[in-house]
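Geometric and topological summary
Read off the chains here:
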Amino acid sequence: MLSDVIAALATPAGRSALALIRVSGEGAHTVAGTVLSPFQREPPRMARRTRAINPQTKELLDEVLYTVFAAPASYTGQDLVEIGVHGGLLAPAEVLGALFAAGARQALPGEFTRRALLNGKVDLLQAEATADLIDASAPAQRRAAINQLDRGLSQRIDALRDRVLALEALVSYEIDFPEEDSGPVPPERIGAALDELRAALELILRTAGEGERLRDGALCVIAGIPNAGKSSLFNALLGVDRAIVTEIAGTTRDAIEAPATCGGFPFRLIDTAGLTQSGDQVERLGVEVSRRYLAAADVVLYCAEAGREMDDEERRFLETVAAPLVIVRTKIDRTGERRWDRQREVGVSALTGEGLAELREELARVAFTRLSCSADVEPVVTRERHRVALSRALEEVNAFGVARERGLEGAVAATHLRAAVTALEDVIGLVTTDDVLDSVFSTFCIGK
Amino acid sequence: MRLVRLGVFAARLGVYPPCILSFKSMSYDVIVIGAGHAGSEAATAAARLGGRVLLLTSNLETIGQMSCNPAIGGIAKGTVAREVDAFGGVMGRATDRATIQFRMLNRSKGPAVWAPRAQCDRALYRRAVRRELERHPSVEFFQGTAAALLLQGERVVGVRTTHGAEFHSGAVVLTAGTFLRGRIHVGTTTRVSGGRAGDPAAHDIAEQLEALGLTVERFKTGTPPRVDGRSVDFSRLERQDGESADYRFSHFERVPRPEQRPCWITWAGAEVKEIVRRNLHESALYGGEIAGRGPRYCPSVEDKIVKFPDAERHQVFLEPEGLDTAELYVNGLSTSLPAEVQLEFLHAVPGLEGARMTRAGYAIEYDYYPPQQLTPWLEVKALEFLFFAGQINGTTGYEEAAGQGVVAGINAVRRVRGDEPLVLGRDAGYIGVLIDDLVTKGVDEPYRLFTSRSEFRLMLRQDNALKRLGPLASELGMLLPDEERELERRLAAERDLVELARRTVVSVAQVNGYLESIGERAIPEPQRVAELARRPKVSLRTLLTAAECVPPELCDDVWRSAEIEIKYAGYLEREREAARRLAELAGFELPADLPYGTLRSLSTEARQKLERVRPESLAQAARIPGVSQSDLQNLVLEVVKLRRAVA
């Protein structure tokens, strides 16, 4: 099943100038050679022009460019052919149909990358990064994915694994070589190695919050009393009218979510119903939704009209917000009030666009504090799977420390270090199970 | 025959190729060539299974000879000696009869890694091994050097000696130690053929095995000089007495200990370093005379000084050779320098200024067969009914050899009878770890066991060897009636003790004084002994004594094993869980005839390694260096595909 010839469109279906079809597997060259005429295998990795024909009717389907890759020097590690066809709905479908008639089968979601993984061309983290790269909508997401594809995160985790093994080696030395010249390992040396390891694990785990935000988009909840201009701001940040804006307070009854890019970072903007005790049941439900979003928010953008003092109720509400807060003074075109340089307050006019650029920068700075400081995105933990495994490794390493303090013997304490190694290997995929693989691959779309 | 399962993965049964010959015409079931530590265990195990055994050795006077240091046991090795004993083996009993100093290593590090080690009187040890072998009526002895294996096709059917005597057998176990094309080096000019100082090497059989297509490589090892104790100034040495602990390696026999002797500690300092460095070009090791690789963990004095130039001094242990001799073994100064240089540096060691050297140290290089050529039951894949055990498989150490001897002896008999082979799991014992490492990963230096080699360090202890392996030995039919009773008694005693600890409650008054005295938190109300004994520093025996219900007549092993089971229950459960996961992988068997070379989904490296090792299961495949996770995934798919094609 892993070596048969598969084919799929690697670019999105629909109107476009060009589209790319990939064919991979044992016999991919033969299958492609049945459809492409003339077709030559040698030399590989060189784009050549040819014609795609229907092998049965000999009907001309398209003028195409094709590139031949020979195993194992290809994306999948198998024989592979990439065919650049004209875009649109018809040409790619016809050429694909001809390839299926010639013996290829439709690739399953993520199957090309799965083959690359199984042929050792990429590790699990790289396979995930490929998915991330394709899904990336914000520049920082792309940088992080490319970094991971480059084995940035894998190398960091490899290095952590080596550290755990080195620490275990110290403990093992004590057990296995009790009569050596150099004597026992000083406890300080084990303590220092343990501290360093713990710090390194914590460091990489600290990137997890922003890393996962980077992949999924930071949840930015726009809050404020009714008619504070939340929906206008929402639309202005998106650049399109998604929310209905009226002068009637309480127009937005439900939360609306839309993706946006601010300062190069991905956000999920949530426009919420105003926070009042309303008698209207539908709106009350909306308010309930708002509270739930507020609890999950990575950043809360609180709207208050410029020139209006906040009342006690608003202040009380602001005190309950756990997430980092950005206060926006809206409608500055009306008050004539210009910039607000009070801390964490930004003056914005959704109407004129004034202050929007500053607000975007501020959002990026608050939600991605660490990442927005470094020019290049360092390897970060971008998935819950990574975070869970790394936390497990940290827990085990901490448990090792506790066991030592409690005076447990080295051999017993060391079992924690072995468990930490296993946890780290789970991230890189050295000892991955099919379940993990399946969940990784279920997020792929066809033809990657 | 059904075998007991200990834990979940203690013993597994594989499938032999079909038997071609009937064994009516054979005079022996098993011929064991060599009577060292592997050979004597192989012969004993085969005899205990009821096999007719011929023990063929070049010199009947050196049965059970300790060729290197006069000690048995140590880290992991002590546990192996006890595992061998659980199979009714020779090593533990012989050690008890020969112990002239005993120490429990790692005593400060907690009972899970305690390692018993005994200095032995070489002569007493030899005598005890011979005595043990002669206890089995079905073991016959013959002095002679094996010259050739008798073959029928690819099957081994007997042995011919250098004097032309032929012996026929169902199976042959070869335990040749360092004798195959052994070459002894002292300095760069003295190079003599020999399997051990004073004994000739064996060439014919080595040449035959190579001609038959077995891959052969060379290893080296060394031994230190020995000195006349009458010429040693003991007043300048630190005396190291053994422990008075009444410890025995054997589970089944309790012999009185011989008279005890001390060891002596001194050190080699700057002057020794200077002498060695100045004469380095005359060392066989450094003069380029020896090509084979030596053990990193047992370095020669040349190695120590070249590789660790910053170390100021190196410890030297003077170990007694025996009760009826003053000769001392100079442990720590193994060397292949010329004899006169050895004497010179010995005189630079405090206490040895006037020492007379009785024997010079030497290096020996010898043939070994990379052990991936063996099945996990130690049969040579290319030559049926031929088994290898001991140093010819690339290991070092008496205990490692003995452990392999047991497994080879058992399987030689089972093979001849057409029974399924016995494969010891990694969680069953260090012997299982050792053999799995050998046949799966091979060796790139002489292989020695450490606790770090095992992923089940807490489960594989010296105190529970009988509990782990005794039931298997019993099921195999290796134990004598009184040994069976002892096994039953001990298993029941430990069960009862754990149960007693669970049932017994200690009062505040009974234990708080004790807890205070060891710096432990007092208890506010009565507590169960099993609960309280979970604290690291608290002793189970003291608690039960305080509660006034100590069971009488329990041996130390039972106390220790029960206490560890209580104290580290959670940790042990984790290891057992890991063992279960391993068993799952091991349950996925790989066909013996899998055409790895044609499996294109595997990496080239994996294809070559798998072709060479031919693992029995996915678990074994996973432990081969160079076989990646993706190779394993593909392997599963290929096997599933093949199974479908067959069905």
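In this convention, every chain numbers its residues from 1, walking through the sequence in written order. All chains are assigned letters beginning with A, and all ligands numbers beginning with 1, in the order in which they are written. With pLDDT at 70 or above as the cut-off, local features in this predicted model cover only qualifying residues; side-chain atom pairs require 80 or more to be listed or tallied, and sums for whole chains, interfaces and linings still use all residues.

Let's talk about the overall build of chain A
Within chain A one finds 16 helices and 13 strands. In this scheme the burial state of a residue depends on its C-beta neighbours within 10 Å: 20 or more other such atoms mean buried, 12 or fewer mean exposed, and anything in between means partly exposed; the C-beta positions come from the backbone. Counting only residues that meet the buried cut, chain A has 45% of its 448 residues in that class. The long-range fraction of contacts in chain A, counting pairs at least 24 apart against all pairs at least 6 apart in sequence, stands at 65%. Only DSSP runs of H or I covering at least 4 residues are called helices, and only runs of E covering at least 2 are called strands; the numbering of each starts at the N terminus. Placing C-beta atoms from the backbone, we regard two residues as in contact once those atoms come within 7 Å.

Overview of the overall build of chain B
On a plain count of helices and strands, chain B comes out with 20 helices and 24 strands. In this description the radius of gyration comes from C-alpha coordinates, and the expected globular size is given by 2.2 Å times residues to the power 0.38. Computed over the C-alpha atoms, the radius of gyration of chain B is 26 Å, within 12% of the 26 Å expected from 2.2 N^0.38 for a compact globule of 647 residues. If one aligns the C-alpha atoms of chain B with their principal axes, the spans along those axes are about 80 × 75 × 50 Å. Burial statistics for chain B: of 647 residues in total, 54% are counted as buried. Expressed as a percentage of contacts within chain B between residues at least 6 apart in sequence, the contacts between residues at least 24 apart total 74%.

Overview of the domain arrangement of chain B
One frequent convention defines the size of an interface as the accessible area lost when the parts assemble. All names here are of chain B. An automatic or database domain assignment is the source of the domain bounds shown. When its domains are assigned, chain B resolves into domain 1 (11-18 + 26-220 + 366-476), domain 2 (226-365), domain 3 (498-572) and domain 4 (588-646). Measuring from the centre of the C-alpha atoms in domain 1 to the corresponding centre in domain 4 gives 30 Å. Facing the seven residues of domain 1 at the interface are eight residues of domain 4. Only Asp, Glu, Lys and Arg are considered charged in this grouping, and only Ala, Val, Leu, Ile, Met, Phe, Trp, Tyr, Cys and Pro are considered nonpolar; every other residue, Gly among them, is considered polar. Split by residue class, the side of domain 1 that touches domain 4 holds two nonpolar, three polar and two charged.

Looking at the sheet that holds strand β13 (residues 345-347) of chain A
All names here are of chain A. Spatially, the six strands line up as an open sheet ordered β9-β10-β8-β11-β12-β13, and their pairing is mixed. One side of each edge strand has no neighbouring strand; the edge strands of this open sheet are β9 (256-262) and β13. In this sheet, neighbouring strand axes are inclined to one another by 30 degrees on average, regardless of whether the strands run parallel or antiparallel. A pair of strands is considered paired only if DSSP assigns at least 2 bridges between the two. An axis is simply a line fitted to the C-alpha atoms; with a helix, the fit covers only the stretch in contact. Between two such axes, the angle follows the N-to-C directions and lies from 0 to 180 degrees.

Section: the sheet that holds strand β15 (residues 238-240) of chain B
Residue and element names in this part refer to chain B. Spatially, six strands are ordered β15-β16-β17-β18-β14-β19 in an open sheet, and the strand pairing comes out antiparallel. Two strands lie at the open edges of the sheet, namely β15 and β19 (357-359), each paired on one side alone. Across this sheet, the average inter-strand angle for adjacent strands is 35 degrees, counted without regard to direction. Of the strand pairs in this sheet, strand β14 (residues 226-228) and β19 are connected by two bridges, and their pairing is antiparallel. Note that in β19 the partner of Arg-226 across the bridge is Arg-359.

Quick look at the nonpolar core
Side chains of nonpolar character tend, in soluble globular proteins, to be buried together. Buried Ala, Val, Leu, Ile, Met, Phe, Trp, Tyr and Cys residues form a nonpolar core when they are connected through C-beta atoms within 7 Å. One finds Cys220(A), Val221(A), Val30(B), Val172(B) and Val173(B) to be the most contacted residues of the largest nonpolar core, which totals 223 residues. Considering each element in turn, this core owes the most residues, 11 residues, to helix α15 (residues 410-428) of chain A. Excluding anything up to four places from it in sequence, Val172(B) contacts Ile31(B), Ile33(B), Leu149(B), Val156(B), Val159(B), Phe385(B) and Leu386(B). Membership of the second largest hydrophobic core comes to 37 residues, among which are Val5(A), Ala10(A), Leu36(A) and Leu118(A).

Side note on the packing of helix α7 (residues 187-216) of chain A against helix α14 (residues 384-405) of chain A
Residues and elements named next belong to chain A. Look at α7 against α14: their axes get within 10 Å of each other, and the N-to-C directions meet at 155 degrees. Judged by the inter-axis angle, α7 sits roughly antiparallel to α14. Note on packing geometry: the crossing formed by α7 with α14 is left-handed. Between α7, through Leu-194, Leu-197, Arg-198, Leu-201, Glu-202, Ile-204, Leu-205, Ala-208 and Glu-212, and α14, the contact on the second element is made entirely by Glu-384, Arg-387, Leu-390, Ser-391, Ala-393, Leu-394, Val-397, Asn-398, Phe-400 and Gly-401. Any angle that falls under 35 degrees is termed roughly parallel, while one over 145 is termed roughly antiparallel, one within 65 to 115 roughly perpendicular, and all others oblique. Handedness of a helix crossing follows the sense of rotation of the near helix relative to the far helix, less than a right angle counterclockwise being left-handed and clockwise being right-handed.

Some points on helix α3 (residues 111-118) of chain A
Among the eight residues of α3(A), eight are classified as buried, and the element is accordingly described as predominantly covered. Considered for burial, the residues of α3(A) that qualify are Glu111(A), Phe112(A), Thr113(A), Arg114(A), Arg115(A), Ala116(A), Leu117(A) and Leu118(A).

Observations concerning the pairing of strand β6 (residues 80-86) of chain A
Residues and elements named next belong to chain A. Across seven bridges, strand β2 (residues 18-24) lies against β6 in antiparallel orientation. The residue of β6 that forms the bridge with Val-23 is Val-81. In this structure, strand β5 (residues 60-69) lies alongside β6, joined through five bridges in antiparallel fashion. By the bridge assignment for β6, Phe-69 is matched with Leu-80.

Observations concerning the environment of Gly513(B)
Among the secondary structure elements, Gly513(B) is positioned in helix α13 (residues 508-517). Sequence separation of Gly513(B) and Arg107(B) is 406 residues, and the distance between their C-alpha atoms is 25 Å.

Some remarks on unusual backbone geometry
Put simply, Ser37(A) and Pro38(A) share a cis peptide bond, and its omega is 0 degrees. You can see Pro38(A) is positioned in the loop between β3 (36-37) and β4 (47-53). Cis geometry marks the peptide bond from Glu42(A) to Pro43(A); its omega dihedral reads -15 degrees. With respect to the secondary-structure elements, Pro43(A) resides in the loop between β3 and β4. Positive phi values are uncommon outside glycine, yet Lys331(A) reaches one of about 55 degrees. If you trace the backbone, Lys331(A) turns up in the loop between β12 (325-330) and α11 (332-335). In this structure, Arg614(B) takes a positive phi of about 50 degrees despite not being glycine. Checked against the element boundaries, Arg614(B) lands in the loop between α18 (604-613) and α19 (618-622).

Observations regarding the confidence of the model for chain B
Residues and elements named next belong to chain B. Across chain B, the average pLDDT comes to 89, with 94% of residues at 70 or higher. pLDDT is a residue-level measure of predictor confidence that goes from 0 to 100. Within the model, pLDDT remains below 50 along residues 1-10, and this stretch shows 31 contacts once partners closer than five positions in the same chain are excluded. In the model, residues 17-25 has pLDDT below 50 throughout and makes seven contacts with residues more than four positions away in sequence or in other chains.

Quick look at the confidence of the model for chain A
Residues and elements named next belong to chain A. When the pLDDT values of chain A are averaged, the result is 78; 78% of them are 70 or greater. Per-element confidence in chain A ranges from a low mean pLDDT of 44 for helix α16 (residues 434-441) to a high of 95 for helix α1 (residues 28-35). Low pLDDT, under 50, characterises residues 431-448; the predicted model gives this stretch 33 contacts beyond four residues in sequence or across chains.

Topic: the packing of helix α3 (residues 91-98) of chain B against helix α4 (residues 122-134) of chain B
If you want to describe how two helices pack, look at the angle between their axes and the distance between the axes. All names here are of chain B. Where α3 meets α4, the axes come as close as 8 Å, and the angle between the chain directions of the two elements is 140 degrees. Classed by the angle they form, the pair α3 and α4 counts as oblique. The handedness of the crossing between α3 and α4 comes out as right-handed. Residues Arg-93, Ala-94, Arg-97 and Ala-98 of α3 touch α4, and the partners they reach there are Leu-124, Tyr-125, Ala-128, Val-129 and Glu-132.

As for the pairing of β2(A)
Within a regular strand, side chains alternate between the sheet's two faces. Residues and elements named next belong to chain A. Buried residues dominate β2, accounting for five of its seven residues. Summarising the sheet, strand β1 (residues 6-9) and β2 pair through four bridges and their orientation is antiparallel. Counted as the bridge partner of Leu-9 is Ile-21 from β2.

Considering the environment of Ser474(B)
Residues and elements named next belong to chain B. Here Ser-474 is to be found in helix α11 (residues 465-476). By the C-beta count within 10 Å, which is 18 here, Ser-474 ends up partly exposed. Residues Ser-474 and Ser-507 lie 33 residues apart in sequence; the distance between their C-alpha atoms is 42 Å.

Structural notes on the environment of Asp241(B)
Residues and elements named next belong to chain B. Within the fold, Asp-241 resides in the loop between β15 and β16 (263-268). Overall, the presence of 11 C-beta atoms within 10 Å leaves Asp-241 in the exposed class. Counting along the chain gives 138 residues from Asp-241 to Arg-103, while the straight-line C-alpha distance between them is 8.6 Å.

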